Amino acid sequence: MRHTRIKMKDRSLPSLPALLIALTGLAGSFPSAGQSRPQDLTMLSLEELMNVEVLTATRKPGLLSEIPAAIDVVTAEDIRRSGAMNIPDALRGVPGMEVARVDANKWAVSARGFNSIYSNKLLVLLDGRSLYSPIFSGVFWESHDLLMEDVSRIEVIRGPGATLWGAGAMNGIVNIVSRDAGSTPGLYLDAGGGTEELRWFNGRFGGFAGKRAAYRVYARHSARGGFENTEGGEGRDDWRGTNAGFRVDLSPARRDHVTVQAEGNWGNVGQEGAPTLVPGLMLDFPDYRTETQSQYGLVRWRRTLSDHSDFAVRVSLDRTQRRDTLIIGGRYTTLDVDGQHHFRAGRHDAVWGFGFRVTRNRMDADLMAAMNPRNRTFRTFSAFLQDEIDLVRRRLRLTAGTKVELNDFTGFEVQPNARLMWMPLNRHSFWAAASRAVRLPDPADYDLSIHYDMPMLRMTIKGNPDLAPEELTAVEFGWQVRPAAGFKAGVNAYHNVYRNVHAYNIGEIRVIENPAAVEIPFFLDNAMSGTVTGAEFSAEGRIGTAFRCRMSVSGLDMRLDPSRDMLGRFWYFQESLGLDKDIVNAWLKSKEGKSPDWMGSLRCSWNASRSVDVDVMARIVDELPGIAIPSYTGVDARVAYRPASFLELYVTGQNLVRRTHREFDESPAAFGATAVERGVYGGASFRFVPR
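Quantities reported herein were computed from a predicted structural model and do not represent experimental measurements. (Residues numbered from 1 in each chain as written. Predicted model: local features only at pLDDT ≥ 70, side-chain atom pairs only at ≥ 80, totals over all residues. Heavy atoms only, no water.)

K.L.:
In this structure, what is going on with the sheet that holds strand 9 (residues 129-130)? I would like to understand it.
P.N.:
The strands making up a sheet associate through backbone hydrogen bonding, with each pair oriented either parallel or antiparallel. Spatially, the five strands line up as an open sheet ordered 5-10-11-8-9, and their pairing is mixed. Looking at which strands have only one partner, the edges of the open sheet turn out to be strand 5 (70-75) and strand 9. Pairing of strand 5 with strand 10 (residues 151-158), which is carried by six bridges, proceeds in the antiparallel orientation. Bridge pairing in strand 10 links Asp72 to Val156. (Pairing = 2+ DSSP bridges. Helix = DSSP H or I, 4+ residues; strand = E, 2+ residues; numbered from the N terminus.)

K.L.:
Would you mind going over unusual backbone geometry with me for this structure?
P.N.:
Only a minority of non-glycine residues have a phi that is not negative, and only a minority of peptide bonds are not trans. For the bond running from Asn372 to Pro373, omega is 10°, close enough to zero to count as cis. Note on placement: Pro373 falls in the loop between strand 23 (369-371) and strand 24 (375-392). Backbone geometry at Arg112 places phi at a positive 60°, although glycine is not the residue there. Residue placement: Arg112 occurs in the loop between strand 7 (106-111) and strand 8 (122-126). Residue Arg112 is classed as buried on the basis of its relative accessible area of 2%. Phi angles above zero are rare outside glycine, and Asn655 is one such case at about 55°. As for its placement among the helices and strands, Asn655 is situated in the loop between strand 38 (647-654) and strand 39 (660-661). Taking the relative accessible area as the measure of exposure, Asn655 reaches 9% and is therefore buried. (Buried < 20%, exposed > 50% of the residue type's maximum accessible area, 1.4 Å probe, protein only.)

K.L.:
Explanation requested: the pairing of strand 19 (residues 288-306) in the structure shown.
P.N.:
When a strand is regular, its side chains alternate between the sheet's two faces. Bridging between strand 16 (residues 256-271) and strand 19 involves 16 bridges; their strand directions are antiparallel. Directly across from Ala262, in strand 19, lies its bridge partner Gly297. When strand 19 meets strand 20 (residues 309-324), the two strands line up antiparallel, connected through 16 bridges. By the bridge assignment, Val299 is partnered in strand 20 with Val315. Between the end of strand 19 and the start of strand 20, which pair antiparallel, lie two residues.

K.L.:
Would you explain the nonpolar core in this entry?
P.N.:
General note: in soluble globular proteins, nonpolar side chains tend to be found buried as a group. By size, the foremost hydrophobic cluster in this structure holds 49 residues, and its most contacted members are Leu91, Met97, Ile154, Val174 and Ile176. Ranked by residues supplied to this core, first place goes to strand 8 with five residues. Filtering out sequence-adjacent residues up to four positions away, Met97 remains in contact with Leu91, Val109, Ser110, Ala111, Leu122, Val156, Arg158, Val174 and Met599. The next biggest cluster of nonpolar side chains, apart from the first, holds 40 residues, and it includes Tyr332, Ala527, Phe570 and Leu588. (Core = buried A, V, L, I, M, F, W, Y, C linked by side-chain atoms within 4.5 Å. Contact = heavy atoms within 4.5 Å.)

K.L.:
Is there a simple way to think about the packing of aromatic side chains in this case?
P.N.:
The geometry of an aromatic ring pair is captured by the separation of the ring centres together with the interplanar angle, meaning the angle of the planes. Enumeration over the complete set of coordinates arrives at 13 aromatic pairs. Between the aromatic rings of Trp301 and Phe311, the centroid separation amounts to 5.1 Å while the plane-to-plane angle is 85°, which identifies the pairing as edge-to-face. One end of the pair, Trp301, is in strand 19; the other, Phe311, is in strand 20, and ten residues separate them in sequence. Ring centres 5.3 Å apart and planes at 45° place the aromatic pair Phe378 and Phe409 in the tilted group. Of this pair, Phe378 sits in strand 24 while Phe409 sits in the loop between strand 25 (396-407) and strand 26 (411-425), and the two are 31 residues apart along the sequence. Both residues of the pair, Phe378 and Phe409, belong to the buried class. (Phe/Tyr/Trp six-rings, centres within 6.5 Å; stacked < 30°, edge-to-face > 60°.)

K.L.:
Looking at this structure, I do not really get a nonpolar patch on the surface. What am I missing?
P.N.:
On the surface, Trp422, Phe430, Trp479, Val491, Phe537, Met551, Val553 and Leu602 cluster together into a nonpolar patch covering about 650 Å² of accessible area. Inspection of the secondary structure puts Phe537 in strand 33 (residues 517-543). (Patch = residues over 30% accessible without salt bridge, like charges linked within 9 Å, V, L, I, M, F, W, Y side chains within 5 Å. Areas by Shrake-Rupley, 256 points an atom, 1.4 Å probe, with all protein chains shown as cover. Salt bridge = Lys/Arg side-chain N within 4 Å of Asp/Glu carboxyl O.)

K.L.:
So what exactly am I meant to see when it comes to the environment of Trp200 here?
P.N.:
Tracing the backbone shows Trp200 in strand 13 (residues 197-208). Among the residues examined, Trp200 registers a relative accessible area of 4% and is labelled buried. Separated by 84 residues in the primary sequence, Trp200 and Ser116 place their C-alpha atoms 28 Å from one another. Every residue in contact with Trp200, bar those within four places of it in the chain, is listed here: Met85, Asp190, Ala191, Gly192, Gly193, Arg220, His221, Ser222, Tyr650, Tyr681, Gly682 and Gly683. A distance of 3.0 Å separates a polar atom in the side chain of Trp200 from a polar atom in the side chain of Asp190. (Polar contact = N/O pair within 3.5 Å; in protein donor to acceptor, adjacent residues only side chain to side chain.)

Interpretation in functional terms is not warranted from these geometric data alone.
Rendered as structure tokens:
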């Protein structure tokens with residue numbers, strides 16, 4: 001087939017209209033019988049949505065309406081109709097979730113404060129497997145460019161989940177659940193392009209092998225353009241990636257279910273080389289690129305012992321490699337084993353389990369950031385128990401449990417929680433919870449060493465092998481009401497108390513003779529404590545079967561207090577160098593100023609006809625004073641048309657209010673932030689399900 005070519009941002013793309021015409025022309029080539037699209041969950045009744053089963057909050061199937069936690073579910077249909085091309089964008093409408101784009105390939109994602117590109121208090125899982133980097137306990141989102149069509153749902157919990165999921169599940173959990181292979185038979189193709197999402201192609205084929213096995217294989221390739229840099233030109237943060245994998249679901253016996261998954265990812269990521277070391281101090285690094293590779297394999301076995309008992313075991317192996325020519329690179333391998341047993345007896349519904357995790361790091365040498373030691377192996381052993389007790393059947397339920405962990409960094413940790421659920425009326429539910437959670441130091445916290453050499457000045461940033469874990473004590477409350485058919489609303493409130501918060505303290509300033517320079521050392525320390533108090537409100541309503549709106553508003557008050565030692569060191573630093581006090585205050589308060597005081601979102605979905613969908617999403621985010629990011633309003637819109645049951649044509653506009661806006665910055669960092677640009681893209685998806 002012949003293609004025309006157009007120029008976008010000095011990149012050549014296949015003509016999208018040519019692609020759409022070609023796919024539309026296939027409409028007559030396939031019979032409509034046996035073909036289907038996923039059920040439109042946006043048009044289910046609210047009662048049906050409240051009865052959606054979730055797993056993350058209790059590690060066993062439970063109804064969404066009966067979970068004593070601040071939990072939301074982003075369904076596959078929510079993702080499709082939002083036009084989200086990645087997981088962070090799919091989370092933007094969830095109450096209390098802070099999602100900010102740093103540049104074209106990096107995001108800062110958190111819940112209830114402490115947002116950062118290195119956000120380490122929100123545990124992110126894919127089918128129960130941690131996506132945390134084994135180096136800094138955050139997520140390299142650019143390394144997880146998933147095929148969004150294969151995501152069944154995203155379960156989002158705000159608040160501690162450490163009793164079941166361990167250290168790291170401090171402020172919340174995001175669990176991405178992929179579709180069972182049996183739900184993805186046939187052929188699926190999706191392709192398109194635009195101004196920022198330059199081009200992509202997704203392909204998947206699935207089927208059945210006999211009566212007891214289902215499979216799918218898939219591949220994805222994408223390329224994104226760079227955003228606008230601080231000089232008004234095109235940044236060098238463009239990126240491209242490819243991933244491919246398979247999933248097999250087996251039922252070798254009536255009581256058994258086995259899942260085997262594997263995937264490989266390859267990426268080439270650009271960096272904008274104008275980083276901020278501290279507020280007001282810019283450095284000039286050369287532009288550079290990072291190459292990423294990762295592979296994982298997972299086996300999960302679940303056996304039903306009886307109507308009241310089952311157990312499951314999951315084993316996964318992850319390997320990641322980052323090749324960075326300037327800052328830091330290395331290879332990491334993680335083996336994770338997780339098992340659990342769930343049983344019901346009388347008024348008790350309990351789950352207990354165990355875990356073992358071992359990670360081996362092999363870091364590159366002769367880069368700006370070094371790890372000492374370069375090679376490290378660390379292990380974590382864990383066990384947990386949680387019991388739900390029906391105090392008054394279907395009206396009052398108590399949940400209590402704890403997790404114990406033994407790790408190579410801080411030794412023995414205990415993370416208990418207690419939750420009470422009260423359902424006095426069919427349309428009302430109340431819950432309250434008290435929890436303790438910790439975040440363990442990671443290898444970067446212990447071993448990292450960074451040197452910035454400038455004329456007459458040397459700045460060093462180092463880890464600290466004497467760090468204690470960060471600690472959280474949380475109290476939460478929630479109320480949900482369904483006052484009438486087609487309407488629901490909910491409020492969650494919380495008060496979090498943090499101790500031993502990690503922050504960079506300042507060491508002893510000294511003069512170096514050869515070459516002549518002043519050395520200013522920073523080191524990681526348990527230097528802060530504080531509180532975060534906040535509330536989240538959400539409401540959803542429907543008019544008939546064709547129109548649905550959801551809105552949310554959340555706010556928080558974050559107060560962090562430096563220790564006396566830290567204050568004394570920084571005031572001495574300010575007086576010794578004659579620095580402006582505002583610069584010192586900005587550094588001390590930067591953690592507070594990276595999370596907005598309030599956020600709001602509104603999304604409306606309209607089924608204009610059986611073949612046309614229209615969706616509009618708007619959000620307002622307050623300023624981030626700690627990193628000089630002004631407030632902004634963003635509007636996205638999507639229109640989809642289905643000329644046949646197996647073909648969908650769609651156009652999406654993102655960030656339509658302004659041509660550019662900034663959402664986040666990170667300091668210290670080895671790259672500069674860029675301004676998010678308005679984007680428009682279109683594509684076509686084709687699915688054929690054989691009879």
